[in-house]
Amino acid sequence: MEIKITKTNNPKAKPADESKLGFGKIFTDHMFMMDYTAEEGWHDARIVPFDYIPIHPASTVLHYGTEIFEGLKAYRTVNGDIRMFRPMENIRRMNNSAERLCLPQIDEKDALQILDTIVEMEKDWVPHSEGTSLYLRPFMYGNEPHLGVHAVKIATFVVICSPVGAYYAEGINPVKIAIESEDVRAVKGGTGYAKCGGNYAASLRAGEKAEEKGFTQVLWLDGVHRKYIEEVGSMNVMFKIDGEIVTPELTGSVLPGVTRKSCVELLKEKGYKVSERLISVDELFDAARAGKLEEAWGTGTAAVVSPIGWLSYKGEEFEVNGGKIGDVTQALYDELTGIQWGKIEDKHNWCHKVC
Ligand code: COI
């Protein structure tokens, strides 16, 4: 694929204090864009100075939410290479999300070339400090200037990049999670497994209410029985119950997380019994009451591995592991980030060197 490059004449200053990066607040100098029409396919691939995107007021995405996105990271490793973590997993998931929302597919090789090109171009923006990375946010939206409700024939694909630190203000300290009993995020047959903006829009009301009560995020239950645990707002979830690691199975309404998949593989290699299965909120709280809920944590690209220190459901609250990060959570965080930052040998070939 040919990518036309237009460099900015006004490069911005890089963040001076990497400890204050936070998540998704600063953007690099350039972004990737390309357009799709049913007649021409994807065309006009270009890297341009980072800027606002003009959009037609009738554009499909503004009315019917035809949008999908991905999140992956590029790391500056200890030996100075810039590497992405499992980019093909994100590319494949993006195409699955596109299929669900009737958006066009992107050739896997083209998608990897796009990510390689923008990361190489923005390599000086990949932060240096431990715990930081360059977050890549590819997204695609239906862009037809037409109010009819139908699968789009015109779309736009964009990649923006943001140097980031920890997603949560808590950093690696345990977060407080409220289990939601009223709103639901997704149902089987809906868009739960797709990474689309609408899923996140549906989650905001409960998230706001939980925040007002001092919780960091919401843990969703399944939309049919309202009893099986699914995922947290921005991460998948795992529990250590009486020695067994349990994570909700991918029923169709749970996001198939790349970090989730990587953690399952790492834990199995370490000899843990890992079960991807249905787990009800009753089972979880029974285990907590019996003192068998040993650890809880979330996994996600943005969240990495985030310990959960408190869980609350319908007014009942449990402290997990004394509100402290547990041994398995810490070991998993260390191993995963060790692989990503090049401190630990990448035996699985998960890291993709860019430059
Ligand atoms: C990610 O982990 O990359 C996400 O997309 C989660 C979130 C910030 C929406």
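Here the structure is a predicted model, which is why all the values come from computation and not from measurement. (Residues numbered from 1 in each chain as written. Predicted model: local features only at pLDDT ≥ 70, side-chain atom pairs only at ≥ 80, totals over all residues. Heavy atoms only, no water.)

1. A few points about the packing of helix 2 (residues 87-100) against helix 3 (residues 108-121)
Keep this limit in mind: Axis geometry follows a simple rule: fit a line to the C-alpha atoms, using only the stretch in contact for helices, then measure angles between N-to-C directions, giving values from 0 to 180 degrees. Every helix listed is a DSSP run of H or I at least four residues long, and every strand listed is a run of E at least two residues long, numbered separately from the N terminus. An angle counts as roughly parallel when it lies under 35 degrees, as roughly antiparallel when it exceeds 145, as roughly perpendicular when it falls between 65 and 115, and as oblique in every other case. Throughout, a crossing is termed right-handed when the near helix is turned clockwise from the far one, and left-handed when it is turned anticlockwise from it by less than a right angle. In what follows, residue pairs with any heavy atoms lying within 4.5 Å of each other are defined as contacts. Under the scheme applied here, ten amino acids are nonpolar (Ala, Val, Leu, Ile, Met, Phe, Trp, Tyr, Cys and Pro), four are charged (Asp, Glu, Lys and Arg), and all others, including Gly, are polar.
Interhelical geometry of helix 2 versus helix 3 gives an angle of 125° and a closest axis separation of 10 Å. Compared by their axis directions, helix 2 and helix 3 come out oblique. Here helix 2 runs over helix 3; the crossing is right-handed. Taking contact as the criterion, the partners of Pro 87, Met 88, Ile 91, Arg 92 and Asn 95 in helix 2 are, on helix 3, Glu 108, Ala 111, Leu 112 and Leu 115. Classifying every residue of the contact of helix 2 with helix 3 by side-chain character gives six nonpolar, one polar and two charged.

2. Concerning the pattern of salt bridges
The criterion, for reference: The rule for a salt bridge is simple: a side-chain nitrogen of Lys or Arg has to be within 4 Å of a carboxyl oxygen of Asp or Glu. Here the term buried applies to any residue with accessible area under 20% of the maximum for its type, exposed to any over 50%, and partly exposed to those in between, with areas from a 1.4 Å probe on protein chains only.
Within this structure, the stated rule accounts for 22 salt bridges. Across the pair Lys 20 and Asp 17 runs a salt bridge, and its minimum N-O distance is 2.9 Å. Under the relative-accessibility criterion, Lys 20 is labelled exposed at 61%. Connected through salt bridges with shared partners, the residues Arg 86, Glu 89, Lys 261 and Glu 265 form a single ionic network.

3. Quick word on the site of the ligand
As a reminder, the rule being used: If even one non-hydrogen atom of a residue comes within 4 Å of a molecule or strand, that residue is called near it. We call two N or O atoms a polar contact when they sit within 3.5 Å, provided that within protein one can donate a hydrogen and the other can accept it, with sequence-adjacent residues counted only if both atoms are side-chain atoms. Computed by Shrake-Rupley with a 1.4 Å probe, the accessible areas treat only the displayed protein chains as cover when residues are assessed.
Around the ligand, the surrounding shell consists of Phe 23, Phe 69, Gly 71, Tyr 135, Arg 137, Tyr 167, Lys 195, Tyr 200, Ser 234, Thr 301 and Ala 302. A distance of 2.6 Å separates an oxygen atom of the ligand from a polar side-chain atom of Tyr 135. Between Ala 302 and the ligand, the recorded distance is 2.8 Å, taken from a backbone N or O atom to an oxygen atom. Protein chains shield 90% of the accessible area of the ligand, which is 280 Å² for the free molecule.

4. Topic: the environment of Arg 76
As for its placement among the helices and strands, Arg 76 is situated in strand 5 (residues 72-76). Leave out the neighbours within four places in its chain, and Arg 76 touches Asp 81, Ile 82, Lys 123, Asp 124, Val 126, Pro 127 and His 128. At a separation of 2.9 Å, a polar atom in the side chain of Arg 76 contacts the main-chain carbonyl oxygen of Lys 123. Here the side chain of Arg 76 touches Val 126 through a polar contact of 2.7 Å, landing on its backbone oxygen.

5. Some details on the nonpolar core
Side chains of a nonpolar character, in soluble globular proteins, are inclined to be buried together. Note the threshold: To qualify as a nonpolar core, a set must consist of buried Ala, Val, Leu, Ile, Met, Phe, Trp, Tyr and Cys residues joined through side-chain atoms within 4.5 Å.
With 38 residues, the main nonpolar core has Phe 32, Met 84 and Phe 157 as its most contacted residues. Among the secondary structure elements, those contributing two or more residues to this core are strand 2 (30-37), strand 3 (41-49), strand 5, strand 6 (82-85), helix 2, helix 3, strand 7 (133-142) and strand 8 (154-164). When residues of this core are assigned to their parent elements, the largest contribution, seven residues, is made by helix 3. Not counting residues up to four positions away in its chain, the partners in contact with Phe 157 are Phe 32, Met 33, Met 34, Trp 42, Met 94, Ile 106, Ile 114, Pro 138, Phe 139 and Met 140. In terms of nonpolar packing, the next biggest core, distinct from the first, is built from 27 residues, Ile 229, Ala 296, Ala 303 and Phe 318 among them.

6. A word on the domain arrangement of the chain
Selection rule: Residue ranges assigned to the domains are those given by an automatic or database domain assignment. By definition, the buried area sums, over both parts, the 1.4 Å-probe accessible area that each loses when the two are put together.
Here the domain parsing of the chain yields domain 1 (4-164) and domain 2 (175-340). Each of domain 1 and domain 2 was reduced to a C-alpha centroid, and the two centroids are 27 Å apart. Across the contact, 22 residues belong to domain 1 and 22 residues belong to domain 2. Of the roughly 1,800 Å² buried where domain 1 meets domain 2, counting both sides, 56% is carbon and sulfur surface. Broken down residue by residue, the surface that domain 1 buries against domain 2 is led by Phe 85, Arg 93 and Arg 100, which jointly contribute 33%. Inspection of the domain 1/domain 2 interface yields two salt bridges. Glu 89 serves as the salt-bridge partner of Lys 261, at 3.1 Å between the closest nitrogen and oxygen. Elements represented by at least two residues in the side of domain 1 that touches domain 2 include exactly strand 4 (67-69), strand 5, strand 6 and helix 2. Looking at the side of domain 1 that touches domain 2 element by element, the count peaks at seven residues for helix 2. Its residues placed into classes, the side of domain 1 that touches domain 2 shows eight nonpolar, five polar and nine charged.

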